[in-house]
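Structural characterization, general
Residues per chain, in single letters:
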Amino acid sequence: MANPLDKQASMGALGGGPCLTRPNRALTKRGSFMADDSSLVLVADCGGTNSRMQIYSVPHAAILGFSGRGKRAPGQLLYEEEFQNSNYIKQGKGWKDIYFDFLSNATAANPDRSISNIRTLSLAVAGPVENNKVTFTSIKPAWTIDGNALMHELNIENVKLMNDFVANGYGLLTLDESVDCKTIQANPKRKGGPIACVGP
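To keep things clear, this report deals only with the structure shown in the data block.

Criteria and thresholds
- Residues numbered from 1 in each chain as written.
- Predicted model: local features only at pLDDT ≥ 70, side-chain atom pairs only at ≥ 80, totals over all residues.
- Heavy atoms only, no water.
- Core = buried A, V, L, I, M, F, W, Y, C linked by side-chain atoms within 4.5 Å.
- Buried < 20%, exposed > 50% of the residue type's maximum accessible area, 1.4 Å probe, protein only.
- Helix = DSSP H or I, 4+ residues; strand = E, 2+ residues; numbered from the N terminus.
- Contact = heavy atoms within 4.5 Å.
- 1 Å grid on protein atoms, 1.4 Å probe; cavity = no way out; pocket = protein on both sides within 12 Å on 5 of 7 lines; lining within 4 Å.
- Points joined across faces, edges and corners; volume = space filled by probe spheres on them.
- Nonpolar A, V, L, I, M, F, W, Y, C, P; charged D, E, K, R; others polar.
- Pairing = 2+ DSSP bridges.

Describing the nonpolar core
Membership of the largest hydrophobic core comes to 31 residues, with the highest contact counts inside it found for Leu42, Met53, Trp95, Tyr99 and Ile145. Broken down by secondary-structure element, the contributors of at least two residues to this core are strand E1 (38–46), strand E2 (50–59), strand E3 (76–84), helix H4 (95–109), strand E4 (118–125) and strand E7 (158–163). Looking at this core, the element that brings in the most residues is H4, giving 6 residues. Residues in contact with isoleucine 145, not counting those within four places in the same chain, are Cys46, Trp95, Leu123, Asn132, Lys133, Val134, Phe136, Leu150 and Leu161.

Remarks on the layout of surface pockets
Estimated volume of the largest pocket: approximately 1000 Å³. Along the walls of the largest pocket sit 26 residues, with Glu177, Cys181, Lys189, Pro194 and Ile195 positioned nearest its centre. When contributions to the lining of the largest pocket are tallied by element, the ones reaching two or more residues are helix H6 (164–173) and helix H7 (177–180). Class assignment of the residues belonging to the lining of the largest pocket gives a composition of 13 nonpolar, 6 polar and 7 charged.

Notes on the pairing of E1
By the criterion of burial, E1 is predominantly enclosed, with 9 of the 9 residues buried. What you see with E1 is no split at all: Ser38, Leu40, Leu42, Ala44 and Cys46 on one side and Ser39, Val41, Val43 and Asp45 on the other are buried throughout. Summarising the sheet, E1 and E2 pair through 9 bridges and their orientation is antiparallel. Looking at E2, one finds that valine 41 is bridged to tyrosine 56. Here E1 folds back onto E2 in antiparallel fashion, the turn holding 3 residues. Relative to E4, E1 is paired through 7 bridges, and the arrangement is parallel. What sits directly across from leucine 40, in E4, is isoleucine 118.

Okay, structure coming up:
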């Protein structure tokens, strides 16, 4: 099963879902790591216990030419980190505080690269998503993440929230069956047939 943190499992940001857009050269800065031919994509898996985050530099040409099926999502991993949500809950903080701490730590770890201009945020969440918004029932007091609000508050062009099982479903489409899969019972495949994503 695909890990929802893996970038190929956050296909809503890179090829299989509604966050795919044509690169905007006005958002880039020549001479910095945020070069004219690439964008920064942040993918995250936020559950009741942990928030796991990764940031990638993704070439524009790779995004536009990416079909998704049976292929790993493109991009270079710049930084990753896992946060304990309880540490923030105890301080009365929310997910945005984790986001800012992540960017601060990522910047410190990459002093020669500009990673402040996030182009796309794809967030897999452990809860039902409605109108690009989720309220965590497993976190007390409950956290609410509103993707549409984050676009304005964080100045990110594309923010897409998806249920973590939806993220896994996108990830299934990118698996190389000869490498990533183990056959339990061999049966003929039917093109366009349903794919099950099962978990506890």
